[in-house]
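Chains, contacts and geometry: an overview
Okay, here's what each chain looks like letter by letter:
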Amino acid sequence: PSFKLREVASMYFTMIAVFLVILVVALQGSAPRGSDFPYKVPLDPQGLLELSWNVSYPEQAVHFQLLVRDLKFGLLFGMSDRGEFENADLAVLWSDGHNSYFGDAWSDAKGQLHMDSQQDYQLLRARRAPEGLYLLFRRAFSTCDPKDYLIEDGTVHLIYGILEKPVHSLQAINISAIHRGLQRVQLLKPNITIPELPSDMKTMEITAPDVVIPSQETTYWCYMAKLPDGFPKHHIIMYEPVITAGNEALVHHMEVFQCAAEFDSFPHYNGPCDSKMKPDRLNYCRHVLAAWAMGAQAFYYPEEAGLAFGGPGSSRYLRLEIHYHNPLVFKGRHDSSGIRLYYTATLRRYDAGIMELGLVYTPVMAIPPGEDAFILTGYCTDKCTRLALPTAGIRIFASQLHTHLAGRKVVTVLSRDGRERQVVNADGHYSPHFQEIRMLKEVVAVFPGDELITTCTYNTEDRSRATVGGFGILEEMCVNYVHYYPQTQLELCKSAVDPGYLHRYFNLVNRFNDEEVCTCPQVSVQQQFFSVPWNTFNRDVLKSLYGFAPISMHCNKSSAVRFPVGTASQP
């Protein structure tokens, strides 16, 4: 090739019975040991590519270790905004059949590959082992290279491609013709000290027994479990995934929900969550006890707090939900995956609580069709925190962001005395297909009079009518489930625009448009939004309305009784 590479790996590629020989020259930096990679995820559904990594905050860098189990003529690995292969930042290993090359590359808007003038993927080592080829390379969080992806907190969309034929140059690689895919992870894991676990700790596995994974791309599987009779109050202090060997690439994420205590019993069920055979009562099992997503490790509670389950006022019934991602449509795969809970009868100082922040599930909050970045904001106001929080405040230690399919970004900030003080959790590359409870790098203290403001950004470019708030998958949510201690009576602190002002919006639309929006009481808000002609004026007025109109606050106890806060102006 006419261009220069900072790192070149020369090798003979394996054919059917040819040994692979790796010779690495001009390697930069020091290479960590293979045991120094605590995080691991399969990249492809077949498990041919396995990524391990570690994070060095002092160096502001990530070390990647990529295991290639069946190397042919090279591979692509990298990152992009949402998993696209256009405008992507890539490390590429390729062979022309005689020599092999490694380099830092980027793709343009048409998907054409180019060698990067600044080589920031640093190849540190390549070695062959019985299980395949290991490639070890380093990448700084920020490189000051406009062609490079900025590695930051939140979700990262990793992309990969496998070269099955020799190519004579980087530019000759046709990314549309190769086997490729994406995997979502949280690369920048928090550097948290693992608390000491008590000697009386016990475990309980909530697993779905011998599920035959359906031969379709996406399945949500529901399984009902029950705590033993007379199970007293305990504290969950840790949990981790239990994944059937061989299914690591198929089990995408899992959650354990506790059912509502108001029902004495729940029917047993073991089947698809969207089946007509699923009992309706299972919809009342929505209190999250544990959540895991691919690439996540064990979740630890702070040593001074635990999540209570069992005992009076707590349901004995639990629902396990497993998302199977089976894009290659494997048939006959058996699975008994789930979540292992670690719990103790020696109660810690504080019960941990879970509080919902963001927007109320209501159609008054809507997103016009054809929007690339429409913003909605929900408030937990100072009035609510003054009424509901103890004088010493609460400590938020973990967070789970949540939207439906149109969500693209989510952020919650803490405001005090009218000034933004701290970001609680932010994900600028959020995906509704990758939701996990994430431990925060720093515990966030919230005091009476503070405000918690949650903002969601949506993309509805593929939709032809308005998307309203609600529970349906094609409706939208904007939620941050924050995990905190000590537990208070406040379970929900959310807002929505005042309905009276929305009624004025529909009247204004009727004054300035030929198409009439019916504002009569028998027509739902959703139908009114569906009737709006979405010209620039109507879009801009709706954005302005959501920006300045008074809000209706929902400051709710766990009993669903509201603290008396009423309507408020926006901060």
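Residues numbered from 1 in each chain as written. Predicted model: local features only at pLDDT ≥ 70, side-chain atom pairs only at ≥ 80, totals over all residues. Heavy atoms only, no water.

Per an unreviewed UniProt entry, the protein goes by the name Dopamine beta-hydroxylase and belongs to Gavia stellata. Check the Subunit (unreviewed entry) section of the UniProt entry for the protein; it says "Homotetramer; composed of two disulfide-linked dimers." The protein has a UniProt comment under Cofactor (unreviewed entry) that states "Cu(2+)". (UniProt positions renumbered as here; feature names shortened; annotations may be inferred.)

This next bit is on the side chain of Thr 155. Structurally, Thr 155 is set in the loop between strand E11 (132–140) and strand E12 (156–162). Given a relative accessible area of 0%, Thr 155 falls into the buried group. Of note is the side chain of Thr 155, whose polar atom sits 3.1 Å from the side chain of Arg 438. Those residues in contact with Thr 155 that sit more than four places away from it in its chain are Tyr 149, Arg 184, Val 185, Asp 427, His 429, Tyr 430, Ser 431, Phe 434 and Arg 438. (Helix = DSSP H or I, 4+ residues; strand = E, 2+ residues; numbered from the N terminus. Buried < 20%, exposed > 50% of the residue type's maximum accessible area, 1.4 Å probe, protein only. Polar contact = N/O pair within 3.5 Å; in protein donor to acceptor, adjacent residues only side chain to side chain. Contact = heavy atoms within 4.5 Å.)

Before going further, it helps to spend a moment on empty space enclosed by the protein. Taken as a whole and judged by the stated rule, the model has four cavities of 30 Å³ or more. If you add up the space inside the largest cavity, you get close to 70 Å³. Lining the largest cavity are Thr 155, Ser 399, Gln 400, Leu 401, Asn 425, Asp 427, Tyr 430, Phe 434, Gln 435, Glu 436 and Arg 438. Looking at the lining of the largest cavity, the elements with two or more residues in it are strand E30 (394–402) and strand E32 (419–427). For the lining of the largest cavity, the element with the highest residue contribution is E30, accounting for three residues. Reported here for the second largest cavity is a volume of approximately 60 Å³. What lines the second largest cavity is Leu 359, Val 360, Tyr 361, Met 365, Leu 376, Tyr 458, Gly 469, Glu 476, Met 477 and Cys 478. Class assignment of the residues belonging to the lining of the second largest cavity gives a composition of eight nonpolar, one polar and one charged. (1 Å grid on protein atoms, 1.4 Å probe; cavity = no way out; pocket = protein on both sides within 12 Å on 5 of 7 lines; lining within 4 Å. Points joined across faces, edges and corners; volume = space filled by probe spheres on them. Nonpolar A, V, L, I, M, F, W, Y, C, P; charged D, E, K, R; others polar.)

Together, Leu 405, Ile 473 and Leu 474 give the surface a local cluster of nonpolar side chains, amounting to about 290 Å² of exposed area. Here Ile 473 shows up in the loop between strand E35 (467–468) and strand E36 (479–485). Residue Ile 473 is classed as exposed on the basis of its relative accessible area of 52%. (Patch = residues over 30% accessible without salt bridge, like charges linked within 9 Å, V, L, I, M, F, W, Y side chains within 5 Å. Areas by Shrake-Rupley, 256 points an atom, 1.4 Å probe, with all protein chains shown as cover. Salt bridge = Lys/Arg side-chain N within 4 Å of Asp/Glu carboxyl O.)

Spatially, E9-E8-E7-E6-E12-E13 is the arrangement adopted by the six strands of the open sheet, whose pairing is antiparallel. Each of the sheet's edge strands pairs with one partner strand only, and the pair in question is strand E9 (113–115) and strand E13 (179–185). Averaged over neighbouring strand pairs, the angle between their axes works out to 30° when direction is ignored. Of the strand pairs in this sheet, strand E6 (residues 74–80) and E12 are connected by six bridges, and their pairing is antiparallel. Bridging across to E12, Met 79 finds its partner in Leu 158. (Pairing = 2+ DSSP bridges. Axes fitted to C-alpha atoms, helices over the stretch in contact; angles between N-to-C directions.)

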